[in-house]
Amino acid sequence: VTITTRLLVSHLSGIRHYEKDITKVKEEKEKANRALKPSKSHQDKEQKEKEGKGTEKTDGVKQKKEHDSETKSRNSRPGRNDKEFEQEEYYLKEKFESVIESLKIFKNDPLFFKPGSQFLYSTYGFTLLSAVVERASGQKFTDYMLKMFRDLDMLSTVLDDNEAMIYNRARCYTYNKKGRLVNAPYVDNSYKWAGGGFLSSVGDLLKFGNALLYSYQAGHFTNRNSKLLPGYLKPGTVAMMWTPVPKTEVSWDRDGKYAMAWAVVEPSQRCGCCRRQRLYASHTGGAVGASSVLLILPEELQPGAAGPAPPPRGVVVTIICNMQSVSLNSTALKIAREFDKEKREQ
């Protein structure tokens with residue numbers, strides 16, 4: 001088979017994630033699909049509840065739903081019953097001197113499917129991608145990335161190196177089996193620099209998001225403002241990165257598809273007065289003791305656009321939480337929409 005960098009960056013390579021048993025992976029996918037598709041009996045039950053006769057019955061149903069929702073919220077603490085973090089490889093403590101060396105973890109494992117045929121989110125796919133970057137650039141992957149972060153003025157973004165003295169490094173937390181808050185266990189992330197091995201700050205991630213948004217929109221202003229500096233990337237490159245790839249899926253937004261290292265929801269509106277979906281790109285992060293999201297909601301511009309404000313134009317939201325298994329994408333999207341609404345009303 002042939003595995004291309006495009007397949008790697010869109011998680012279509014067939015390389016495994018942390019789970020080594022393909023049967024368990026298939027079972028989890030089937031459960032997720034069933035959860036997204038309510039059964040006919042469930043839909044019929046909901047319809048009957050809506051058409052129920054009498055205020056007393058309707059109020060009773062409403063109160064029960066509110067009680068169930070409250071109970072569910074109370075019992076669903078972050079990190080509890082999260083099977084993802086039961087995988088042993090999340091907790092590796094071995095120090096790898098290079099990304100090439102870390103390939104030994106999975107390089108002899110069978111592919112889960114023919115490359116290009118299915119989607120499977122894979123941190124190890126990005127480990128292989130980092131090895132490609134290392135060979136193509138002629139530099140250590142970590143050196144290459146740190147130079148890029150310096151170019152983008154992301155001076156607080158560094159390797160999550162346990163031995164280094166890192167100013168303002170936060171402690172990370174999780175819940176134990178008894179539901180008590182505890183310090184996250186010691187891990188060494190040198191086996192997955194590309195997939196979850198950097199530390200950053202909300203300020204740096206905002207710079208990163210604005211650099212991408214600027215690059216995406218700069219092409220619209222080129223003819224109107226010759227003084228405008230070029231983006232860090234070409235507009236076409238960012239547009240390509242934010243173009244959904246067929247056969248992909250996104251766990252944190254059912255309206256989205258995976259693109260190139262980004263989850264993307266495309267603009268759509270099926271008919272007049274129907275729900276209108278804006279373009280946005282986002283990515284969540286989950287590690288031992290930490291959760292994060294970076295979401296970009298671009299302002300809709302036409303080619304040759306002009307106006308008092310140069311790019312970047314839109315909303316960038318980032319949240320970093322030193323707590324394991326916290327879902328942040330929906331919160332970030334709500335924040336972005338509120339700021340976007342406020343800007344349009346001004």
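Looking up the protein chain in an unreviewed UniProt entry gives the name LACTB protein, with the organism given as Cisticola juncidis.

## Describing the overall build of the protein chain
Tallying secondary structure elements over the protein chain gives eleven helices and nine strands in all. The buried share of the protein chain, reckoned over its 346 residues, is 35%. Counting only contacts in the protein chain whose residues sit at least 6 apart along the sequence, the fraction spanning at least 24 positions is 66%. When the accessible surface of the protein chain is totalled, it reaches about 21500 Å², and 52% of it is carbon and sulfur.

## What to know about helix 6 (residues 123–137)
For helix 6, spanning 15 residues, the distance from its first C-alpha to its last is 21 Å, which sits close to the expected 21 Å at 1.5 Å a residue. Each element contacted by the buried residues of helix 6 is listed here: helix 1 (5–9), helix 5 (99–102), helix 7 (141–151) and helix 8 (193–196). Sitting at the amino-terminal end of helix 6 is Ser122, which places a side-chain oxygen 3.4 Å from the backbone nitrogen of Tyr124. Where helix 6 ends, the next residue or the one after it, Gly138, has phi of about 75 degrees, a positive value.

## Points about helix 11 (residues 329–345)
Along an α-helix, a turn takes 3.6 residues, which lines up residues three or four apart on a common side. A rise of 1.5 Å per residue sets the reference length of helix 11, with its 17 residues, at 24 Å; its end C-alpha atoms lie 24 Å apart and thus fit the reference within 8%. Where helix 11 is buried, its residues touch strand 7 (280–287), strand 8 (290–298) and strand 9 (314–321).

## Considerations on the pattern of salt bridges
The full count for this structure, using the stated rule, is 13 salt bridges. For the salt bridge of Arg276 with Glu300, the shortest nitrogen-to-oxygen distance reads 2.7 Å. Highlighted residues: Arg276 in the loop between strand 6 (263–265) and strand 7 and Glu300 in the loop between strand 8 and strand 9, separated in sequence by 24 residues. Residues joined by salt bridges that share partners form a network here, namely Arg16, Lys20, Glu89 and Asp109.

## Some remarks on the side chain of Asp204
Here Asp204 lies in helix 9 (residues 202–221). One buried charged side chain, Asp204, makes no salt bridge at all; its nearest oppositely charged neighbour is Lys207, positioned 4.2 Å away. Each residue touching Asp204, except ones within four places of it in the same chain, is listed here: Asp153, Met154, Leu155, Ser156 and Thr157.

## Digging into the packing of aromatic side chains
This model, assessed by the stated rule, comprises eleven aromatic pairs. Counting every residue linked through ring pairs, the aromatic cluster contains Tyr18, Phe85, Tyr90, Tyr91, Phe106, Tyr124 and Tyr191.

## Looking at the nonpolar core
Among the nonpolar cores identified, the biggest contains 43 residues, and Tyr124, Leu212, Trp242, Trp262, Val264 and Ile296 are the most heavily contacted of them. Contributions of two or more residues to this core are made by helix 1, helix 6, helix 7, helix 9, helix 10 (235–241) and strand 8. Counting contributing residues, this core receives three or more from each of domain 1 (1–31 + 81–199) and domain 2 (210–345). Among all residues touching Tyr124, those that are not within four sequence positions of it are Ile15, Arg16, His17, Tyr18, Glu89, Ile105, Phe106 and Tyr191. Core analysis: the second largest hydrophobic core is formed by twelve residues, Val265, Tyr280, Val317 and Ile319 among them.

## Some remarks on the environment of Lys95
Here Lys95 is to be found in the loop between helix 4 (55–75) and helix 5. Taking the C-alpha atoms as reference points, Lys95 and Ser190, separated by 95 residues in sequence, lie 6.0 Å from one another. Setting aside anything within four residues of it in sequence, one finds Lys95 in contact with Asp161, Asp188 and Ser190.

## So, the environment of Phe85
Assignment of secondary structure puts Phe85 in the loop between helix 4 and helix 5. In this structure Phe85 comes out as buried when scored by relative accessible area, which is 9%. The spatial distance from the C-alpha of Phe85 to the C-alpha of Gln324 is 9.0 Å, given a sequence separation of 239 residues.

## Focus: the state of the cysteines
Enumeration over the complete set of coordinates arrives at one disulfide. With a sulfur-sulfur separation of 2.1 Å, Cys271 is cross-linked through a disulfide to Cys274. With relative accessibility at 33%, the residue Cys274 sits in the partly exposed group. Cys172 takes part in no disulfide bond, and the closest cysteine sulfur to it belongs to Cys321, at a distance of 9.4 Å. Accessibility expressed as a relative area gives 26% for Cys172, which makes it partly exposed.

Parameters and conventions
Residues numbered from 1 in each chain as written. Predicted model: local features only at pLDDT ≥ 70, side-chain atom pairs only at ≥ 80, totals over all residues. Heavy atoms only, no water. Helix = DSSP H or I, 4+ residues; strand = E, 2+ residues; numbered from the N terminus. Buried < 20%, exposed > 50% of the residue type's maximum accessible area, 1.4 Å probe, protein only. Contact = heavy atoms within 4.5 Å. Areas by Shrake-Rupley, 256 points an atom, 1.4 Å probe, with all protein chains shown as cover. Expected span 1.5 Å × (residues − 1). Polar contact = N/O pair within 3.5 Å; in protein donor to acceptor, adjacent residues only side chain to side chain. Salt bridge = Lys/Arg side-chain N within 4 Å of Asp/Glu carboxyl O. Lys, Arg positive; Asp, Glu negative; His and termini not counted. Phe/Tyr/Trp six-rings, centres within 6.5 Å; stacked < 30°, edge-to-face > 60°. Core = buried A, V, L, I, M, F, W, Y, C linked by side-chain atoms within 4.5 Å. Domains from an automatic or database assignment. Disulfide = S-S within 2.5 Å.

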